[in-house]
Amino acid sequence: MDGRGEAAEDDWGPFGRPLFRDMAARSLSRVGVVDVGSNSVRLVVFDGAARSPAYFYNEKIMCALGRGLAETGQLNPEGKVRALAALRRFQTLAEGMGIAPLTAVATAAVREAADGEAFRTEVEATTGLRLYVIDGEEEARLSAQGVLLGWPGAYGLVCDIGGSSMELAELHDGRVGKRVTSRLGPLLLRSLPGGKKALRKVIAQRVAELKDRMGPQPDRLFLVGGSWRAIGRIDMDRRNYPLSVLHEYRMSRADVTKTVSYIADSNIDELRLRLGLSSERIELVPIASLVLKELVKAFKPHDIALSSYGIREGMLYEQMPKELRDRDPLIEACRFAEAKDARIPGFGKRLYQFILPLFPRADDERRRIIKAACLLHDVSWRAHPDYRHEVCFDNATRANLGGLTHQERIFIGLALLHRYKNSRAGSRFEPLFGLLTETDLREAEILGKAMRFGAMFSASSTNHLGELSWMPKKKVLELRLTANSAPLWGEVVEARFNSLAQSLGATQVTTKVA
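Here the structure is a predicted model, which is why all the values come from computation and not from measurement.

Definitions and cut-offs
Residues numbered from 1 in each chain as written. Predicted model: local features only at pLDDT ≥ 70, side-chain atom pairs only at ≥ 80, totals over all residues. Heavy atoms only, no water. Core = buried A, V, L, I, M, F, W, Y, C linked by side-chain atoms within 4.5 Å. Buried < 20%, exposed > 50% of the residue type's maximum accessible area, 1.4 Å probe, protein only. Helix = DSSP H or I, 4+ residues; strand = E, 2+ residues; numbered from the N terminus. Contact = heavy atoms within 4.5 Å. Pairing = 2+ DSSP bridges. Axes fitted to C-alpha atoms, helices over the stretch in contact; angles between N-to-C directions. Expected span 1.5 Å × (residues − 1). pLDDT = per-residue confidence, 0-100. Parallel < 35°, antiparallel > 145°, perpendicular 65-115°, else oblique. Left-handed = near helix turned anticlockwise from the far one by under 90°. Nonpolar A, V, L, I, M, F, W, Y, C, P; charged D, E, K, R; others polar. Salt bridge = Lys/Arg side-chain N within 4 Å of Asp/Glu carboxyl O.

## So, the nonpolar core
In this structure, Met166, Leu168, Trp228, Ile355, Leu358 and Leu477 are the most contacted members of the largest nonpolar core, which totals 104 residues. For this core, the element with the most residues is helix 12 (residues 285-299), which contributes nine residues. Sequence-distant contacts of leucine 477, that is, excluding residues within four places in its chain, are made with Leu358, Leu468, Ser469, Trp470, Phe497, Leu500, Ala501, Leu504, Ala506, Thr507, Gln508 and Val509. Counting 31 residues, the second-largest nonpolar core is a separate cluster that includes Ala25, Leu28, Ala140 and Tyr317.

Structural data, given as structure tokens:
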């Protein structure tokens, strides 16, 4: 927020237009942002929970504006034609959706090309879209803030690779620190003379310079950008990884080394067809993989995580007030889903309080996962009853949710599966269950059956559903029913209570109190 008044509206800049006028905003009206990169031009329209927005619309055109930039100093002529057509389309779409004006930024190719300013002027004259050209450090900052949208309080090194540049930004305690930009984009590197030996030497030299400027960065390495996501997809293929969600996918340094070799030894066209990658993207992957290998070798991060959130999400995060930034993106998204889709919005909180005694040793991280599951426990009720358990699992494991590891996704999904079905035996999702420990599998089943049982009291108009008491040493599960909740007890309720007790290996006791 720049603090300028309404009189300055004509010169808002990319971040001056206030999106969050209400400091307590929970939901987000549709907002469109455009990123004109060296390789692609993309429109994203956000909607939904303000702290964890969903992608209402997402379209990318591979324009390769930066192709040939190193040799000519000019934007790729064909790329300019394609980019201009894409921007004209995006502006028309925005007008149709009622979300104009779009917030649009351009990065390395446009800022470095001799005809970059002329292109920016042509865009505005032709489409009415004001294109803001940002420098490398600002690009790094916005990418890092995009990571913070998904990982509040994140720490480590954010690496955003584009076609013509690569940016690094330090994150510590949820704040962006040092930032640098470099000429390590694969579109730029591919034009270097001298073959692979010279290419590796240049990459090593430039990464070493980045290491000197950034200093030791032994924490997590966050990877942002299409080339990194393509490498992540290939790593999943190499490992036969069962979950296809790229956001929060983790790799070790050893994984990176193996995958770089895997790429070098593979037929690139076969990889492209098998994994559904575009030809424009796959042709940059071998060079990008060499950059990643050198980056990991130099910085030695303790682990590597892919982030689907980057500069576009950073542009949205930029406008969030601190009160909104401080909220948990997972819980905010689940609250939004409950309010929009559940039969009885608000019951998830009561359900969470009701079943929490079953998890006396749960730390804060596990409690937030339990809370998320409770908020989501009824949002898929419209699905066919025979497939509701599968729809729940699919929604949880593939939904656009931030602040959630793959294991946590599967844990929530499995709990929701058990919310609608007692047994998971023979499930088509069994390969995914293998990513959880036996303890996690058991706890997810207990949580699911607890939600299945607690949902039987959702018709109660009181805030008191009764009370569960779990005595793990004695293996006794007690339900104390109040005078208001006692009439809801019945055969189906009793059967679900018995199933919950069996999952705990417990003897059940039911007590009715005045």
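Right, picking up where we left off after that structure.
## Some points on the environment of glycine 32
By the secondary structure assignment, glycine 32 is in strand 1 (residues 27-36). Considered as a pair, glycine 32 and phenylalanine 119 are 87 residues apart in the sequence and their alpha carbons are 21 Å apart. Ignoring any residue separated from it by four or fewer positions in sequence, one finds glycine 32 in contact with Val44, Val45, Ile99, Leu102 and Thr103.

## Re the sheet that holds strand 13 (residues 476-481)
Sheet strands line up and pair through hydrogen bonds in the backbone, either parallel or antiparallel. Spatially, three strands are ordered 12-13-14 in an open sheet, and the strand pairing comes out mixed. Unpaired on one side and paired on the other, strand 12 (467-471) and strand 14 (507-512) mark the two borders of the sheet. The mean inter-strand angle of the sheet, taken between neighbouring strand axes irrespective of direction, is 15 degrees. In terms of strand pairing, strand 13 meets strand 14 through six bridges, oriented parallel. Note that in strand 14 the partner of leucine 479 across the bridge is threonine 510. Where helix 22 (residues 491-504) meets the sheet, its contacts fall on strand 12, strand 13 and strand 14, and the angle it forms with strand 13 comes to roughly 150 degrees.

## Observations concerning unusual backbone geometry
The omega torsion across alanine 100 and proline 101 is 5 degrees, close enough to zero to call that bond cis. With respect to the helices, strands and loops of the structure, proline 101 is situated in the loop between helix 2 (77-97) and strand 4 (103-106). A positive phi angle, close to 55 degrees, is found at aspartate 173, a residue other than glycine. Overall, aspartate 173 belongs to the exposed group, its relative accessible area being 59%. Even without being a glycine, lysine 475 presents a positive backbone phi close to 60 degrees. In this fold, lysine 475 is placed in the loop between strand 12 and strand 13.

## Points about helix 22
The end-to-end C-alpha separation of helix 22 is 20 Å, in line with the 20 Å expected for 14 residues at 1.5 Å each. Considered for burial, the residues of helix 22 that qualify are Val493, Arg496, Phe497, Ser499, Leu500, Ala501, Ser503 and Leu504. Looking at the buried residues of helix 22, the elements they touch are helix 21 (438-454), strand 12, strand 13 and strand 14. Looking one or two places after helix 22, you find glycine 505, whose phi comes out positive at around 65 degrees.

## Considering the confidence of the model for the protein chain
For the protein chain, per-residue confidence averages 91 on the pLDDT scale, and 94% of positions sit at 70 or higher. Of the regions scoring below 50 in pLDDT, residues 1-12 engages in 13 contacts with residues more than four places distant in sequence or in other chains.

## Some details on the packing of helix 7 (residues 195-214) against helix 12
Contact geometry of helix 7 with helix 12 gives a least axis separation of 9 Å together with a crossing angle of 40 degrees. Here helix 7 lies oblique to helix 12, going by the angle between them. Remark: the crossing between helix 7 and helix 12 carries right-handed chirality. Packed against helix 7, whose contacting residues are Leu199, Arg200, Ile203, Ala204, Val207, Leu210, Lys211 and Met214, the element helix 12 presents Ile287, Leu290, Val291, Glu294, Leu295, Ala298 and Phe299 at the interface. Partitioning the contact of helix 7 with helix 12 into residue classes produces twelve nonpolar, no polar and three charged.

## Section: the pattern of salt bridges
In the structure shown here, the tally under the stated rule is 37 salt bridges. A salt bridge links arginine 335 to glutamate 332; the nearest nitrogen and oxygen atoms lie 3.0 Å apart. Placement of the pair is arginine 335 and glutamate 332 together in helix 15 (residues 329-341), with a separation of three residues, close to one helical turn. Using a relative accessible area of 34% as the deciding quantity, one classes arginine 335 as partly exposed.

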